[in-house]
Amino acid sequence: AAAHTLRFRESRVFAPPANSSPLSHLSKFKRPSIKEQKIVVDELSNLKKNRKVYRQQQNSNIFFLADRTEMLSESKNILDELKKEYQELENSEKTKIKKEST
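Below is a summary of the structure that appears in this document. (Residues numbered from 1 in each chain as written. Predicted model: local features only at pLDDT ≥ 70, side-chain atom pairs only at ≥ 80, totals over all residues. Heavy atoms only, no water.)

Focus on the overall build of the protein
In step 1: The number of helices and strands found in the protein is two helices and two strands.
In step 2: Secondary structure elements of the protein, listed N to C terminal, follow the sequence α-β-β-α.
In step 3: Scored against the burial criterion, the 102 residues of the protein give a buried share of 22%.
In step 4: Put simply, 59% of the contacts in the protein that link residues at least 6 apart link residues at least 24 apart.
In step 5: Of the roughly 8,400 Å² of accessible surface on the protein, 51% is carried by carbon and sulfur atoms. (Helix = DSSP H or I, 4+ residues; strand = E, 2+ residues; numbered from the N terminus. Buried < 20%, exposed > 50% of the residue type's maximum accessible area, 1.4 Å probe, protein only. Contact = heavy atoms within 4.5 Å. Areas by Shrake-Rupley, 256 points an atom, 1.4 Å probe, with all protein chains shown as cover.)

Description of helix H2 (residues 68-101)
In step 1: Between the first and last C-alpha of H2 there are 49 Å, a value that for 34 residues agrees with the 50 Å anticipated at 1.5 Å per step.
In step 2: Residues of H2 that are buried include every one of Arg-68, Met-71, Leu-72, Glu-74, Ser-75, Ile-78, Leu-79 and Leu-82, and no others.
In step 3: On its buried face, H2 is in contact with helix H1 (34-45), strand E1 (53-56) and strand E2 (63-66). (Expected span 1.5 Å × (residues − 1).)

Quick word on the packing of H1 against H2
In step 1: Close contact between H1 and H2 brings their axes to 9 Å; oriented N to C, the two are set at 155°. With respect to H2, the element H1 is oriented roughly antiparallel. Regarding H1 and H2, the two cross each other, and that crossing is left-handed. Where H1 abuts H2, its residues Ile-34, Gln-37, Lys-38, Val-40, Val-41, Leu-44 and Ser-45 lie against Arg-68, Met-71, Leu-72, Ser-75, Lys-76, Ile-78, Leu-79, Leu-82, Lys-83 and Tyr-86. (Axes fitted to C-alpha atoms, helices over the stretch in contact; angles between N-to-C directions. Parallel < 35°, antiparallel > 145°, perpendicular 65-115°, else oblique. Left-handed = near helix turned anticlockwise from the far one by under 90°.)

Structure (structure tokens):
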């Protein structure tokens, strides 16, 4: 029998635990960038229906089979949260600059 080797591309799919904010479980240092998350969403969106998607167990090298549409939905939610956080940061910086200039 031929040995089968599973190979995983060097990419991360960040999926939140159930019943939590999409980014609440990630420290600020482990959060994906908006660019990284856009790539994840794009990759999942363009997968053929018969392709398998795996989710990496947190803090481990173990991967579990995951539902593609569920992963896509979660990835889009994470992207939306990242964009929202970025916008809030930008707005607070603008407010700070306005206060300093008056």
